[in-house]
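Chain residues, written in single-letter form:
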Amino acid sequence: MEQYSSKVMEHFAQPHNVGEIENADGVGTVGNPVCGDVMRLYIKVENNVITDAKFKTFGCGAAIATSSMVTDLVKGKTIDEALKISNAAVAEALGGLPKVKMHCSVLAEEALKSALDDYYKKRACRHR
Amino acid sequence: MRKVYLDHGATTPAHPGVVEAMMPYFSGKFGNPSNLHDLGREAKNAVEEARAKTAALIGAKAEEIFFTSSGTESNNFAVKGLAQANSQKGNHIVVSQMEHFSVLHPVKTLEKAGFKVTAVVPDKQGLIDPGAVARAITRETVLVSIMHANNEIGTLQPIEEIGKITKEKGVLFHTDAVASVGWVPVDVASLGVDALSLSGHQFYGPKGAAALFVRKGVRIKPQIEGGVQEDGRRGGTENVPAIVGLGKAAEIAAADIPNRMSYLTPLRDRLLTGLRDRVADMVLNGHPTLRLPHSVNVSLLFVEGESMLLFLNMQGIYVSSGSACTSRSLKSSHVLSCIGTDAAAANGTLLMTLGMGTTAEDVDYVIETLPPIVQRLREMSPLYEDMIKNRQTT
């Protein structure tokens, strides 16, 4: 069995923020079922602040734990702050990840970036 | 909490009788079989007794059994040793795509050294067509290596039919029977094989002792040189306690195989049927009937194997997965991919292998425990969400 930190196991066994957000301001889906991980992240934005975040993930223990952690980290952050959340920060908040699972934290960062990207696109459409 | 070990395909516990047989050979009867004094002779006799018992399990002669350290070593020895010792005849090898890496990787090494290789593709249930093997054999073919039972999907191959073809064409035939010996009858004469790999810890023997059967008169090039042990074919001081354990495990298995098959087959089917009744979108991998009596391999669509494995572990259930995430290489199983399982489904694969210690209550506990885990992970899965939305719109 992979050696996961207790923090990873905690977030895997009882993940935070699982689900969808109806009419989300941004949705990002990254990953590929072939590689074994797909993450979908939903965000709600009010006055430039991320007020809610939820996720759905198909993946291993680390993929679920990093999804849970990145949604925790992003809540209450401004867009600029959220853009600065790195994969290393997600992994660190989880007490580290096994080397072969670091790509899961990269996926979590990408899912967040993709959701923010979607938020910008939607906003641009509205303002047009 | 109940503990249910359903990973007998990974390894089995040593039978108490095996442990008991081994104990004297660690410190009391510790002699080196190569020595002529009494202690050496005592160890030598124990090794030879184990050789006779191992031979008896597969219908071989004692002098046709060469002890090795593992199934992997036996397969390496067979593939390289047979190809190299018979290369004057030709340089072509036939294998299947679903062979264990301990066959495929040495074959790749031989390919780099100038051998040509044909890898036969199994059908969707993991069966190799003997006709395809016949068509793959050329005048240059020196060796065919096709496994008896696949270690992941459990499909039993028509080895007897392939054996008739290789005999007729005068080509050496090796079978990797590591997954099947001890669970189903294996007889080298009726299978028609020239070499066969088996491993002790796969059927209640200890780790560290395995064997390669090589038919008398067949030339094989040693891969571990510098020792006279094993008739000069495999150097290195014998792992006497483990070899004694392997012999004992072979003796127990020889008498118990019919009982094992009649105990395990209904239990295997109870597990599969029970899960089928409770979980939608589940696919059995491998052949429904031509399979090992203790092996269940299923893909649970829209969920990932490691997650299931971790949740099952928390409930005391120990299984394996063919998912990319559980392998160090981060690649999903080559076996599943060559039988045409799509990669997403392969990532949701659970391999459950039962043993003689598995009870109907254990199986029922798994049938109770797994479905809610799958449901919970599906509710978390974007692939499941997409599938539901697609079903609603179509």
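Cut-offs applied
- Residues numbered from 1 in each chain as written.
- Chains lettered and ligands numbered in written order.
- Predicted model: local features only at pLDDT ≥ 70, side-chain atom pairs only at ≥ 80, totals over all residues.
- Helix = DSSP H or I, 4+ residues; strand = E, 2+ residues; numbered from the N terminus.
- Buried ≥ 20, exposed ≤ 12 C-beta atoms within 10 Å, placed from the backbone.
- Contact = placed C-beta atoms within 7 Å.
- Core = buried A, V, L, I, M, F, W, Y, C linked by C-beta atoms within 7 Å.
- Expected span 1.5 Å × (residues − 1).
- Pairing = 2+ DSSP bridges.
- Axes fitted to C-alpha atoms, helices over the stretch in contact; angles between N-to-C directions.
- Domains from an automatic or database assignment.
- Parallel < 35°, antiparallel > 145°, perpendicular 65-115°, else oblique.
- Nonpolar A, V, L, I, M, F, W, Y, C, P; charged D, E, K, R; others polar.

### Description of the overall build of chain B
Here is step 1: When helices and strands are counted, chain B shows 13 helices and 13 strands.
Here is step 2: Across its three principal directions, the C-alpha atoms of chain B cover 75 × 50 × 35 Å.
Here is step 3: The buried share of chain B, reckoned over its 394 residues, is 53%.
Here is step 4: Taking as baseline every contact in chain B between residues at least 6 positions apart, the subset at least 24 positions apart corresponds to 72%.

### Some remarks on the overall build of chain A
Here is step 1: Counting its secondary structure elements, chain A contains 5 helices and 3 strands.
Here is step 2: When the elements of chain A are put in sequence order from the N terminus, they spell out α-β-β-β-α-α-α-α.
Here is step 3: With the C-alpha coordinates of chain A rotated into their principal frame, the extents come out at 50 × 30 × 20 Å.
Here is step 4: Burial analysis of chain A (128 residues in total) assigns 45% to the buried set.
Here is step 5: The long-range share in chain A, meaning contacts at least 24 apart out of those at least 6 apart in sequence, stands at 61%.

### Things to note about the nonpolar core
Here is step 1: Core analysis: the largest hydrophobic core is formed by 76 residues, its most contacted members being Leu41, Ile43 and Leu112 of chain A together with Met308 of chain B.
Here is step 2: Here this core takes 8 residues from helix 5 (residues 102–127) of chain A, the largest share from any one element.
Here is step 3: By size, the runner-up hydrophobic cluster in this structure holds 74 residues, among which are Ala55, Ala78, Leu156 and Ala179 of chain B.

### Considering helix 2 (residues 38–57) of chain B
Residue and element names in this part refer to chain B.
Here is step 1: With 20 residues, helix 2 should reach 28 Å at 1.5 Å per residue; the first-to-last C-alpha distance of 29 Å fits that figure.
Here is step 2: The complete set of buried residues in helix 2 reads Ala43, Ala46, Ala50, Arg51, Lys53, Thr54, Ala55 and Leu57.
Here is step 3: Once helix 2 finishes, Gly59 follows within two positions and takes phi at roughly 70°, a positive value.

### Here's the deal with the interface of chain A and chain B
Here is step 1: In this complex, chain A contributes 19 residues to the contact, which on the side of chain B involves 21 residues.
Here is step 2: Considering each element in turn, the side of chain A that touches chain B owes the most residues, 3 residues, to strand 3 (residues 49–58) of chain A.

### Looking at the sheet that holds strand 9 (residues 282–284) of chain B
Residues and elements named next belong to chain B.
Here is step 1: Spatially, the 4 strands line up as an open sheet ordered 9-10-13-12, and their pairing is antiparallel. Of all strands in the sheet, those with a lone pairing partner are strand 9 and strand 12 (320–321), marking the two edges.
Here is step 2: Where strand 9 lies against strand 10 (residues 295–300), 3 bridges are found, and the strand directions are antiparallel. Bridging across to strand 10, Leu284 finds its partner in Val298.

### Examining the sheet that holds strand 1 (residues 26–32) of chain A
Here is step 1: One open sheet holds the 3 strands; their spatial order is 1-2-3 (chain A), and the pairing between them is antiparallel. Strand pairing shows two members of the sheet lacking a second neighbour, strand 1 and strand 3 of chain A, which therefore form its edges. The sheet shows a mean angle of 15° between the axes of neighbouring strands, taken without regard to direction.
Here is step 2: Two strands pair when backbone bridges link them, and strand 2 (residues 37–46) of chain A and strand 3 of chain A are joined in this way by 9 bridges, in the antiparallel orientation. When the bridges of strand 3 of chain A are listed, Arg40 of chain A appears paired with Lys56 of chain A.
Here is step 3: Helix 13 (residues 382–393) of chain B rests against strand 1, strand 2 and strand 3 of chain A of the sheet, and its axis sits at about 85° to strand 3 of chain A.

### Structural notes on the environment of Pro130 of chain B
Residues and elements named next belong to chain B.
Here is step 1: In this fold, Pro130 is placed in helix 5 (residues 130–136).
Here is step 2: When the 20 C-beta atoms within 10 Å are taken as the criterion, Pro130 is described as buried.
Here is step 3: Each C-alpha atom of the pair Pro130 and Val120 lies 9.7 Å from the other, and the pair is 10 residues apart in sequence.
Here is step 4: When sequence neighbours within four positions are dropped, the list of residues in contact with Pro130 reads Pro158, Glu161, Ile162 and Ile165.

### Structural notes on the domain arrangement of chain B
Interface size is often expressed as the accessible area that is lost when the parts come together.
Residue and element names in this part refer to chain B.
Here is step 1: Domain boundaries assigned for chain B yield domain 1 (4–10 + 257–393) and domain 2 (16–253).
Here is step 2: Distance from the C-alpha centre of domain 1 to the C-alpha centre of domain 2: 29 Å.
Here is step 3: Counting residues at the interface gives 21 residues for domain 1, matched by 22 residues for domain 2.
Here is step 4: Mapped by element, the contributors of at least two residues to the side of domain 1 that touches domain 2 are helix 8 (240–278), strand 10 and helix 10 (334–338).
Here is step 5: With 3 residues, the single largest contributor to the side of domain 1 that touches domain 2 is helix 8.

### Some points on the packing of helix 1 (residues 6–13) of chain A against helix 2 (residues 61–74) of chain A
Residue and element names in this part refer to chain A.
Here is step 1: At a minimum axis distance of 8 Å, the contact between helix 1 and helix 2 shows a crossing angle of 85°. In this view, helix 1 runs roughly perpendicular relative to helix 2, as classed from their interaxial angle. Contacts between helix 1 and helix 2 involve Val8, His11 and Phe12 from the first element and Gly61, Ala62, Ile64, Ala65, Ser68 and Met69 from the second.
Here is step 2: For the contact of helix 1 with helix 2, the class distribution of residues is 6 nonpolar, 3 polar and no charged.

### Details of the pairing of strand 7 (residues 195–199) of chain B
Residue and element names in this part refer to chain B.
Here is step 1: Within strand 7, 5 of the 5 residues are buried, leaving the element largely enclosed by the surrounding structure.
Here is step 2: Side chains of strand 7 alternate between two faces, with Ala195, Ser197 and Ser199 and Leu196 and Leu198 buried alike.
Here is step 3: Relative to strand 8 (residues 210–214), strand 7 runs antiparallel, the two being bridged by 5 bridges. Bridging from a neighbouring strand, Ser199 pairs with Ala210 of strand 8.

### With respect to the environment of Asp7 of chain B
Residue and element names in this part refer to chain B.
Here is step 1: Here Asp7 shows up in the loop between strand 1 (4–5) and helix 1 (16–22).
Here is step 2: We classify Asp7 as partly exposed; it has 17 C-beta atoms within 10 Å.
Here is step 3: Look past the residues within four positions of Asp7 in its chain and what remains in contact with it is Tyr318, Val319, Ser320 and Thr353.

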